[in-house]
Amino acid sequence: MEATNTAFDHMKLSGVDQQRLRKYPALGALAVRLRCCRATLRSASCKNARPWKLSIAFTCNSRHWSYPCLESRRFDGSSNIAPLTYHATSDRNLDAIVSYKQVPAIKMRSTTEVNYSMEACTFSENIHTISTNTSEEKIGVLLLNLGGPETLDDVKPFLFNLFADPDIIRLPRLFCFLQKPLAFLISSFRAPKSKEAYASIGGGSPLRKITDEQADAIKTALEDRGLSANVYVAMRYWHPFTEEAISQIKRDGITKLVILPLYPQFSISTSGSSIRVLQSIFREDSYFTRVAISIIESWYQREGYIRSMADLIEKEISKFSKPEEVMIFFSAHGVPLSYVENSGDPYRDQMEECISLITDELKSRKIMNNHTLAYQSRVGPVQWLKPYTDEVIVELGQKGVTSLLAVPVSFVSEHIETLEEIDIEYKHLALESGITNWGRVPALGCTTSFISDLADAVVDAIPSASAIPNATNKPDQAHKDTLQYMNLFFGSILAFFFLLSPRLISMFRNNPFLQ
């Protein structure tokens, strides 16, 4: 398998094409790079090398790679090889796919079946073993998302899970035992206000439903590309939790896994948090030493995503009576400034680059509107990425902007931050500030071009999948349980003290982190 994978990498085949080649147990495939119109296959150093008859078909007609045709048939029982026809393109190098069938161990010479002059001798791999192993691969795609409460009763436990995440509230190591008690306090204080917000959008988050629809759409798009894969959903803070998805992946016997966060840009607090949990699971579960894994950390720069965003903006901006006067307002989810400045979070840089790519695409379509970027959803007393969305809206109104198109750039699904925070809170603020013409670009959801690009991203990631080694020197489980018990015990005492102190209760109620 290693030799085949190396050949595929050298050929730069897409994941879909690799899977197509590997689905026939009776056929093998070798990717052979031909720097000119002649090549030689030899195995002089291999005593047990067995000869293979070769057949090749190839076209070379443009610069960009494309794979418009791939056909393969089983052997018909005769001495002839069923042809493998493969069309590809390259600007300089002549690349090809070679099909073969084991034949009696006799010396082989050049044959007229080869389009280009090739000396066919022997090949040193046992191809039957390779094709058998690869044909048994089961591909999985794991979509990562935040999760959201599906009913009002889910709001408080959802908030607890959110604030218990050390990537959301980052405490010094010395005070890590306060994580869960603090999460309990914050979720208790925030739950009533959050319930009101979710009630205003129908009583719960639509995120799970939309993400499930995206998973189904991606699965279909992959099948259209000839790739059979199971697509799973792992939510960070609500059902289906990451652990639930992992259990299903193991039950299904997945051998190759592509992890795709549904966040275009990477941040410690979003993709990073989910990936951290996954890596912890992978290190502790020996099952995943046998699974080749590829993680797509961010994909904001992909052309399909950029074009999909530009399509939506172009469509919405055309609905204004004077499209040329519309200010395009990109609103992204914020993160604490310390994540960027102290922890090296690339989120701000990636977001700014993403906006630049989208506006460049708009300019190529003759859409030259002014634009701005701001960050929403800040909580707590610490400084977050600026400028803040609510403050910028007021400033734009003061500057005389009357037409505003809000673009939720860091969200690919409708949820509380688009349906309530943008559509209700920010729209109301904009109208109060003198912005009389308001519009909002919908989240990408299951937009055909977007889903197609995500499927392509999965296909592109498959060749780079590799096994993750098990962790060494894992702490004794009894020791870990003791530490967790001590953290919970002392944290609970502190939480009890907080709840009995009127002064502390007053302080928490007045703290913006709890509002």
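Everything below is about the structure printed above this text.
A quick note: this is a predicted structure, and the numbers were derived from the prediction, not measured. (Residues numbered from 1 in each chain as written. Predicted model: local features only at pLDDT ≥ 70, side-chain atom pairs only at ≥ 80, totals over all residues. Heavy atoms only, no water.)

## Thoughts on the side chain of Ser-298
Along the polypeptide, Ser-298 turns up in the loop between strand E12 (292-295) and helix H9 (303-317). If near-sequence neighbours (up to four positions away) are discounted, Ser-298 is found in contact with Pro-264, Gln-265, Phe-266 and Gln-350. (Helix = DSSP H or I, 4+ residues; strand = E, 2+ residues; numbered from the N terminus. Contact = heavy atoms within 4.5 Å.)

## Examining the environment of Glu-425
Along the chain, Glu-425 turns up in helix H13 (residues 416-432). Judged by relative accessible area, Glu-425 falls into the partly exposed class, the value being 41%. For the pair formed by Glu-425 and Asp-390, sequence separation is 35 residues and the distance between their alpha carbons is 8.9 Å. (Buried < 20%, exposed > 50% of the residue type's maximum accessible area, 1.4 Å probe, protein only.)

## Thoughts on the packing of H9 against helix H14 (residues 448-461)
Viewed as axis vectors pointing N to C, H9 and H14 meet at an angle of 170°, and their least axial separation amounts to 8 Å. In this view, H9 runs roughly antiparallel relative to H14, as classed from their interaxial angle. Listed contacts from H14 to Gly-304, Tyr-305, Ser-308 and Asp-311 of H9 are Ser-449, Phe-450 and Asp-453. Tallied by class, the residues present in the contact of H9 with H14 amount to two nonpolar, three polar and two charged. (Axes fitted to C-alpha atoms, helices over the stretch in contact; angles between N-to-C directions. Parallel < 35°, antiparallel > 145°, perpendicular 65-115°, else oblique. Nonpolar A, V, L, I, M, F, W, Y, C, P; charged D, E, K, R; others polar.)

## Some points on the packing of helix H12 (residues 389-398) against H13
For the pair H12 and H13, interaxial distance at closest approach is 8 Å and the crossing angle is 25°. Compared by their axis directions, H12 and H13 come out roughly parallel. The chirality of how H12 crosses H13 is right-handed. Contacts between H12 and H13 involve Thr-389, Asp-390, Ile-393 and Val-394 from the first element and Tyr-426, Leu-429 and Ala-430 from the second. (Left-handed = near helix turned anticlockwise from the far one by under 90°.)

## What about unusual backbone geometry?
Put simply, His-239 and Pro-240 share a cis peptide bond, and its omega is -10°. Cis rather than trans, the peptide bond between Lys-386 and Pro-387 has omega equal to 5°. Considering the arrangement of structural elements, one finds Pro-387 in the loop between strand E14 (371-376) and H12. Phi is positive for Lys-366, which is not a glycine, with a value near 70°. Residue Ser-377 is not a glycine yet carries a positive backbone phi of 70°. Examined against the element boundaries, Ser-377 turns out to sit in the loop between E14 and H12.

## Focus: the nonpolar core
Leu-222, Tyr-305, Ile-313, Phe-330, Ile-358 and Val-409 are the most contacted members of the largest nonpolar core, which totals 61 residues. Sort the elements by how many residues they give to this core and H14 lands first, with eight residues. In contact with Tyr-305, not counting residues within four places along its chain, are Pro-264, Gln-265, Trp-299, Tyr-300, Cys-354, Val-409, Leu-444, Phe-450 and Asp-453. (Core = buried A, V, L, I, M, F, W, Y, C linked by side-chain atoms within 4.5 Å.)

## Section: the sheet that holds E14
Across a sheet, strands are paired by hydrogen bonds formed along the backbone, either parallel or antiparallel in direction. Strand order in this open sheet of four strands is E14-E13-E15-E16, and the pairing throughout is parallel. Whereas interior strands pair on both sides, the edge strands pair on one side only; in this sheet they are E14 and strand E16 (437-440). Sheet twist, expressed as the mean angle between neighbouring strand axes with direction ignored, is 25°. Where strand E13 (residues 327-333) lies against strand E15 (residues 403-408), five bridges are found, and the strand directions are parallel. When the bridges of E15 are listed, Ile-328 appears paired with Leu-405. Packed on one face of the sheet, H9 meets E13, E15 and E16 and runs near 155° to E15. (Pairing = 2+ DSSP bridges.)

## Considerations on the sheet that holds strand E11 (residues 256-261)
The sheet built from five strands is open, its strands ordered E10-E9-E11-E12-E17 with mixed pairing. Each edge of the sheet is formed by a strand with only one pairing partner; in this case those strands are strand E10 (229-235) and strand E17 (466-467). On the sheet, helix H8 (residues 271-284) packs against strand E9 (139-145), E11 and E12 and is oriented at approximately 155° with respect to E11. Relative to the sheet, H14 contacts E9, E11 and E12, its axis offset from that of E11 by approximately 140°.

## Regarding the pairing of E12
As judged from the four bridges shared by E11 and E12, these two strands associate in the parallel manner. Along E12, the bridge assignment pairs Leu-257 with Ile-293. For the handedness criterion, the β-α-β arrangement of E11, H8 and E12 is classed as right-handed. Taken together, the two bridges between E12 and E17 define a ladder with antiparallel strand orientation. Bridging across to E17, Ala-292 finds its partner in Ala-467. (Right-handed = clockwise from strand over helix to strand, strands pointing away.)

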